[in-house]
Amino acid sequence: MSKDTLTITDQRNGKTYEAPIELGTIRAMDLRKIKTSPDDFGVMTYDPAFMNTASCKSNITFIDGDKGILRYRGYDIETLAEHCTYLQVAYLLLYGELPTPQQDKDWTWEITHHTMLHETTKTFIDGFRYDAHPMGILVSTLAALSTVYPEAKNIHDPENRQKQIVRLIAKMATLAAYSYRHRRGHPYVYPDNDLNYTENFMNMLWKMTEPKYMASPVIARALDVLFILHADHEQNCSSTTMRVIGSAQTDPYLSMAGAAAALAGPLHGGANEEVLKMLDEIGSVKNIPNYIKRVKEGEIKLMGFGHRVYKNYDPRARIIKAVADEVFEVTGRNERLDIALELERIALQDDYFVSRKLYPNVDFYSGIIYQAMGFQPDMFTVLFAIPRAAGWLAQWNEMVQDPEQKIARPRQIYTGIDHRQIIAKQEEPAEVKVG
Ligand code: SDX
């Protein structure tokens, strides 16, 4: 009768061991009993970049990379993008269920009434150079918020966690808008509580001298869908960073500053900005074959393509492509889309990409839409960070309550110099005068 165990034979001494298989994994700590002598530390796993290591159990997001499936709390991303708002999805990620109408009303009221920033935070943002990258402003200001809410350190108090979660989701939009206004030398626009989350974000970005900002419903809905698509993605680099920093019982503001710093990397959330640079470098459809040649020679990567988990089309990229058409109806068609579509068509016929299962990911089309909406490329990752706050906080909240979790502290394989002493400095030999 088959058993859910792994039998391991150590060929160094012929001993065999049984390791239970649970949910398709074995516990790495079970390998430590594999020793060749009593003082042997035991066997560890070696897994650079955690390519094949589960760091936690989670109920939040499920991805099937081969089938191109993404689900938040069991709902397909396509369903959520079609039927929900970003705030409803943020509630789902955090609390496990979509809000009832009353919960939706209360949640929206809570978030709406926490969008204001402490005036000292505005002054802090004023201190940045006029051309400071908005991600540098966001990371720094998130960390600064931990000084405004020192009670956030009480991470074991559920009510306190809830209060900080509401503040962070609400203020992410304000921080992002203020960094945008600072870059453009425009006065900050205070939140307008008559508007929903995304319309208010647009108000804080783009209101000028008109008495009341009126958001384009098409652009507002497109942004809301983009927020839903970017809200969580299980144990990606930035969510893992949020969990690792949070495992030291650091407050959620400082933890999220670290997560946002990870997202800023060009291989992670910074890729959408790199995609725009790539499309501008290509310049026209006729230059695509030569660009692809450089990619295949290993000189450059095709930004917005490939994924650690998806070995099929990223379902978010498919939805974003559809959103692009709706946005361009309002903003006018963008020739970068033509280059991107032709680049995708050519790449998906080329064995280099097919054999490596490289498909467009969430970043391939999002930048084109953001640019058409009027954002500069250096704002794109900030637009990724706003909704990912919900995912980071859901993962952090789950980690804090997980009895199996403790401070993250991996091991290493030491390959350095074994042991040596400091030899007393030899007297410098007296200068020998020649001649
Ligand atoms: C996000 O993890 C998440 O969930 C992230 C994210 C989220 O929502 O949080 O989905 C958001 O970060 C999306 C990814 C955005 N990044 C990019 O678009 C940057 C370009 N993509 C690559 O850098 C790369 O595909 C990664 C980083 C996304 C994934 O890299 P892996 O899993 O480490 O894969 P790899 O680098 O080992 O590549 C395997 C092979 C290599 O070729 P060989 O050495 O076998 O010859 O594929 C090649 C790579 O050179 N390859 C690419 C490529 N991506 C991988 N070749 C050209 N262009 C690319 N984009």
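Predicted, not measured: the structure shown is a model, and the values here were computed from it.

## Things to note about the site of the ligand
- Around the ligand lies a shell of 22 residues, among which H233, L302, H307, R308 and R316 are the nearest.
- A distance of 2.9 Å separates an oxygen atom of the ligand from a polar atom in the backbone of G304.
- Looking at the shell around the ligand residue by residue, the classes come out as 9 nonpolar, 7 polar and 6 charged.

## Thoughts on the packing of helix α8 (residues 217–229) against helix α16 (residues 362–373)
- As a packed pair, α8 and α16 sit with axes 12 Å apart at the nearest point and diverge in direction by 150 degrees. Comparing their axes, α16 and α8 come out roughly antiparallel. In this structure, α8 meets α16 at a crossing whose hand is left-handed. Residues I219, A222, L223 and L226 of α8 pack against I369, Y370 and M373 of α16.
- In the contact of α8 with α16, the residues fall into 7 nonpolar, no polar and no charged.

## Overview of the domain arrangement of the protein
- The domain architecture assigned to the protein consists of domain 1 (5–45) and domain 2 (86–408).
- One C-alpha centre belongs to domain 1, the other to domain 2, and the line joining them spans 42 Å.

## Some thoughts on the pairing of strand β3 (residues 61–64)
- The pairing of β3 with strand β4 (residues 69–72) spans 4 bridges and is classified as antiparallel. Residue pairing across strands places I63 opposite L70, the latter belonging to β4.
- Connecting β3 to the next strand, β4, in antiparallel fashion are 4 residues, including G68 with a positive phi near 65 degrees.

## With respect to helix α14 (residues 335–347)
- Taking 1.5 Å of rise per residue, 13 residues should cover 18 Å, and α14 covers 18 Å from first to last C-alpha, within 8% of that figure.
- For α14, every residue scored as buried is listed here: R336, L337, I339, A340, E342, L343, E344, I346 and A347.
- Tucked into the core, α14 has its buried residues touching α11 (271–282), α12 (288–296), α13 (315–331), α15 (351–355) and α16.

## Observations concerning the nonpolar core
- Membership of the largest hydrophobic core comes to 120 residues, with the highest contact counts inside it found for I169, F201, M373 and F375.
- Ignoring any residue separated from it by four or fewer positions in sequence, one finds M373 in contact with W206, I219, A222, L223, L226 and V327.

## Some details on helix α4 (residues 119–126)
- Listing the buried residues of α4 in full gives T121, K122 and I125. Angularly, the buried residues of α4 cover 105 degrees about the axis, an arc narrow enough to put them on a single face.
- Here the buried face of α4 lies against α5 (134–148) and α6 (158–184).

## Here we look at a nonpolar patch on the surface
- Taken together, the side chains of F41, M44, Y46 and I413 define a hydrophobic patch exposed on the protein surface, amounting to about 420 Å² of accessible area.
- Relative to the assigned elements, F41 resides in the loop between β2 (15–20) and β3.
- Under the relative-accessibility criterion, F41 is labelled partly exposed at 34%.

## Concerning the packing of α5 against α6
- Orientation of α5 relative to α6, taken along the N-to-C sense of each, is 135 degrees, at an axis distance of 10 Å. As judged from the angle between their axes, α5 and α6 are oblique. Crossing geometry of α5 relative to α6 is assigned as right-handed. Taken together, the residues of α6 that come into contact with α5 (itself represented by P134, I137, L138, T141, L142 and L145) are L168, K171, M172, L175, S179, H182 and R183.

About the criteria used
Residues numbered from 1 in each chain as written. Predicted model: local features only at pLDDT ≥ 70, side-chain atom pairs only at ≥ 80, totals over all residues. Heavy atoms only, no water. Near = heavy atom within 4 Å. Polar contact = N/O pair within 3.5 Å; in protein donor to acceptor, adjacent residues only side chain to side chain. Nonpolar A, V, L, I, M, F, W, Y, C, P; charged D, E, K, R; others polar. Axes fitted to C-alpha atoms, helices over the stretch in contact; angles between N-to-C directions. Helix = DSSP H or I, 4+ residues; strand = E, 2+ residues; numbered from the N terminus. Parallel < 35°, antiparallel > 145°, perpendicular 65-115°, else oblique. Left-handed = near helix turned anticlockwise from the far one by under 90°. Contact = heavy atoms within 4.5 Å. Domains from an automatic or database assignment. Pairing = 2+ DSSP bridges. Expected span 1.5 Å × (residues − 1). Buried < 20%, exposed > 50% of the residue type's maximum accessible area, 1.4 Å probe, protein only. Core = buried A, V, L, I, M, F, W, Y, C linked by side-chain atoms within 4.5 Å. Arc of directions from axis to C-beta. Patch = residues over 30% accessible without salt bridge, like charges linked within 9 Å, V, L, I, M, F, W, Y side chains within 5 Å. Areas by Shrake-Rupley, 256 points an atom, 1.4 Å probe, with all protein chains shown as cover. Salt bridge = Lys/Arg side-chain N within 4 Å of Asp/Glu carboxyl O.

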